Amino acid sequence: MSDIVTLNGYKIKDEKAVRSYESIAQMKADRKLKEGYHVKTLGYYSINDGGNGEYVIVDDDTLVDDGGSIHVLTNGLRAKLIIKDYVTPEMFGAYGDGTHDDTDYLQIALNSEKGLSLFEGKTYLITDNIDLPKLVNIEGNNATIKVEYSGDREHPIQNANWLDNENNLNTLYLNNVNFYVNSTSAGIKLIGLTDYNKITITNCNYSNNPSISYGTWFLDMYSNNSNVLIDNVNVNTSTTDENLFNTGIGLREYRASKISNNILISNSNFKHNGKDEVIWCDSWKGTIKNVNVDKCVIEDNSTTSST
């Protein structure tokens, strides 16, 4: 008789008899899988592609196949992803080759609200809106997010509860990610944030295609953001046409009842040209307090008088 153990809240039959598969497709095709089995994949599409994961087999036809956390097997059962300390985009189907569109896969991974670990050296292409949940913890491992945006927002990446008028709901930790905006036909303020009680952005790089047709921003802290640390970032908002409105980091308070507070930008480098500010601080309707810029280098190559 098989032993029954509990793994991350799931009942597993015979934990020692773990089945392994080279890919998700191979796992889904195995008709011999039964409820309570514990299985592992060595990759999503193929071995060692970064999408390896562990699953428990469950008999629950209410679970919808999302291509990542739930897979419907050929025999009608479901494979449910066992999420431990972190997830990777590859667990949800991302390619990370800079060519395939990884927008949906990144979104599903973020929605888990677990730590998200990108794969070193890979490039993740996004073309549409990314909604940040309340809790985001991304370890970039020097991977690149490449943006060829065709979405319908000012910010390709922004929190899902945008301007919800509640107090400081969100937390963001972002480390060691490279961002490259390749879109040439849309003005992009890449990351937009409202209502955060803690933002930590460290060891990140931002650059854009210099042939971009409209202005470009790296970060837009739009309203009600406090306890912000931006450290050791390199931001290059240089474009061929310096008549564009380019901004590295925007600190804005656009709601009369809100306060943005306790913001430190340190040990960072900014390269810029264009008509707008390298670092823009604008308490248009509300209040901004306690902003410090420390040990930063700014290289402004603008020849226009309106920078």
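Only a predicted model underlies this, so the values are computations on that prediction, with no experimental measurement involved. (Residues numbered from 1 in each chain as written. Predicted model: local features only at pLDDT ≥ 70, side-chain atom pairs only at ≥ 80, totals over all residues. Heavy atoms only, no water.)

**Student:** Tell me about the environment of Asn 142, and name the residues and values.
**Tutor:** Within the secondary structure layout, Asn 142 lies in strand β13 (residues 135–147). What makes Asn 142 partly exposed here is its relative accessible area of 40%. Aside from chain neighbours lying at most four places away, what touches Asn 142 is Gly 121, Asn 176 and Asn 178. (Helix = DSSP H or I, 4+ residues; strand = E, 2+ residues; numbered from the N terminus. Buried < 20%, exposed > 50% of the residue type's maximum accessible area, 1.4 Å probe, protein only. Contact = heavy atoms within 4.5 Å.)

**Student:** Quick one: what's the story with the pairing of β13, residue by residue and with numbers?
**Tutor:** Consecutive residues of a regular strand have side chains that alternate between opposite faces of the sheet. Sheet topology note: the strand β10 (residues 115–117)/β13 ladder contains two bridges and is parallel. Its bridge partner lying in β13, Ser 117 is registered against Glu 139. As defined by bridge partners, strand β11 (residues 123–126) adjoins β13 across four bridges and the pair is classed as parallel. Note on β13: the bridge partner recorded for Ile 126 is Val 147. Direction of pairing for β13 relative to strand β15 (residues 170–181): parallel, over a ladder of 10 bridges. Looking across to β15, one finds that Glu 139 is bridged to Asn 175. (Pairing = 2+ DSSP bridges.)

**Student:** Help me get a handle on the sheet that holds strand β5 (residues 53–58), residues and values and all.
**Tutor:** Strand pairing in a sheet is mediated by backbone hydrogen bonds. Such pairs are either parallel or antiparallel. Across the sheet, five strands lie side by side as β3-β4-β5-β7-β6; this open sheet has mixed pairing. Bordering the open sheet on either side are β3 (19–21) and β6 (70–72), each of which pairs with just one other strand. Across the sheet, the mean angle separating the axes of adjacent strands is 30° when strand polarity is ignored. Taken together, the four bridges between β5 and strand β7 (residues 78–81) define a ladder with antiparallel strand orientation. Of the residues in β7, the one forming a bridge with Ile 57 is Ala 79. (Axes fitted to C-alpha atoms, helices over the stretch in contact; angles between N-to-C directions.)

**Student:** Just give me the short version of the nonpolar core, but keep the residues and values in it.
**Tutor:** Membership of the largest hydrophobic core comes to 61 residues, with the highest contact counts inside it found for Leu 190 and Phe 218. It is strand β16 (residues 188–202) that contributes the most residues to this core, seven residues altogether. Here Leu 190 is in contact with Val 147, His 155, Pro 156, Ile 157, Phe 179, Val 181, Tyr 206, Trp 217 and Phe 218, once residues within four sequence places are set aside. Listed in part, the six residues of the second largest apolar core include Ile 12, Val 56, Val 58 and Ile 82. (Core = buried A, V, L, I, M, F, W, Y, C linked by side-chain atoms within 4.5 Å.)

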